[in-house]
Amino acid sequence: MASVFDVAKYFLHKSRPGTPQAITHLKLQKLVYYAQGWNLAINGKPLFYEDIRAWDHGPVVRELYDEYKKFGYFTIPAEDFNNQNNGKEIFTEDEIKVLDQVWNVYGKYDGKFLEELTHQEDPWLYTERNEIIEPSRIKRYFSNLLTNTVC
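Report follows, based on the coordinates.

Residues Val 7, Phe 11, Leu 28, Phe 91 and Val 102 are the most contacted members of the largest nonpolar core, which totals 39 residues. Breaking this core down by element, the ones donating at least two residues are helix H1 (4–14), helix H2 (25–43), helix H3 (62–68), helix H4 (93–106) and helix H7 (135–150). The element best represented in this core is H2, accounting for nine residues. Once you skip the residues sitting within four places of it in the chain, Val 102 turns out to touch Phe 11, Leu 31, Tyr 34, Ala 35, Trp 38 and Gly 107.

As structure tokens, then:
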């Protein structure tokens, strides 16, 4: 299984500083949350193992926060990404499809818009602040969205 940092690097390699596809710390947190949610719904398993917490500004992975908080509100520089680690694929083809779909849908929005979006969604709404958003809650929510979108 990948780590949240692998997911972050994947999105950061798609980032285009100076455009709507630039990534700030806030936006990065929301992108990894959406990637986790949609992967749980579509592929039936988590994309990364780190916990997502319900913070005031939406879903946050603490380890990712600690790594990228130094950028504050500024754009995080784009990063290179290679889907190989010690000769093994980090993401499967199905996971890459989810990551690309998340980028295509959410990548054009800024962090504040994505924050507001998460504030309207059940996983964040029904989790006490600073507590872990249970993966089962995330999976149920995104699976319901998927079912309602397909039908």
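There is more to say after this.
Attention shifts here to the packing of aromatic side chains. On inspection of all chains with the given rule, the structure shows 14 aromatic pairs. Their ring planes at 70° and their centres at 5.0 Å tell us that Trp 55 and Tyr 65 sit as a pair that is edge-to-face. Separated by 10 residues along the polypeptide, Trp 55 in strand S1 (residues 53–55) and Tyr 65 in helix H3 bring together distant segments of the chain. With a relative accessible area of 16%, Trp 55 lands in the buried category. Put simply, the rings of Tyr 33, Tyr 34, Trp 38, Tyr 106, Tyr 141 and Phe 142 pair up and form one aromatic cluster. Across the ring face of Trp 124, the terminal group of Arg 129 is positioned such that the distance to the ring centre comes to 3.8 Å.

Residue position: Asp 6 is located in helix H1. Comment: no salt bridge for buried Asp 6; closest opposite-charge side chain is Lys 9, at 7.0 Å. Excluding its chain neighbours within four sequence positions, the residues that come into contact with Asp 6 are Phe 81, Ile 90 and Phe 91.

Counting through the fold element by element, Tyr 73 comes out in the loop between H3 and strand S3 (84–85). Residues Tyr 73 and Thr 147, 74 residues apart in the sequence, show an inter-C-alpha distance of 35 Å.

Let us look at the side chain of Glu 115. Topologically, Glu 115 is positioned in helix H5 (residues 111–118). Classification of Glu 115 by relative accessible area gives buried; the value is 4%. A polar atom in the side chain of Glu 115 sits 3.0 Å from the side chain of His 57. The contact partners of Glu 115, leaving out residues within four places of it in the chain, are Leu 26, Lys 30, Asp 56 and His 57.

Criteria and cut-off values
Residues numbered from 1 in each chain as written. Predicted model: local features only at pLDDT ≥ 70, side-chain atom pairs only at ≥ 80, totals over all residues. Heavy atoms only, no water. Core = buried A, V, L, I, M, F, W, Y, C linked by side-chain atoms within 4.5 Å. Buried < 20%, exposed > 50% of the residue type's maximum accessible area, 1.4 Å probe, protein only. Helix = DSSP H or I, 4+ residues; strand = E, 2+ residues; numbered from the N terminus. Contact = heavy atoms within 4.5 Å. Phe/Tyr/Trp six-rings, centres within 6.5 Å; stacked < 30°, edge-to-face > 60°. Lys NZ or Arg CZ within 6 Å of the ring centre and 35° of its normal. Lys, Arg positive; Asp, Glu negative; His and termini not counted. Salt bridge = Lys/Arg side-chain N within 4 Å of Asp/Glu carboxyl O. Polar contact = N/O pair within 3.5 Å; in protein donor to acceptor, adjacent residues only side chain to side chain.

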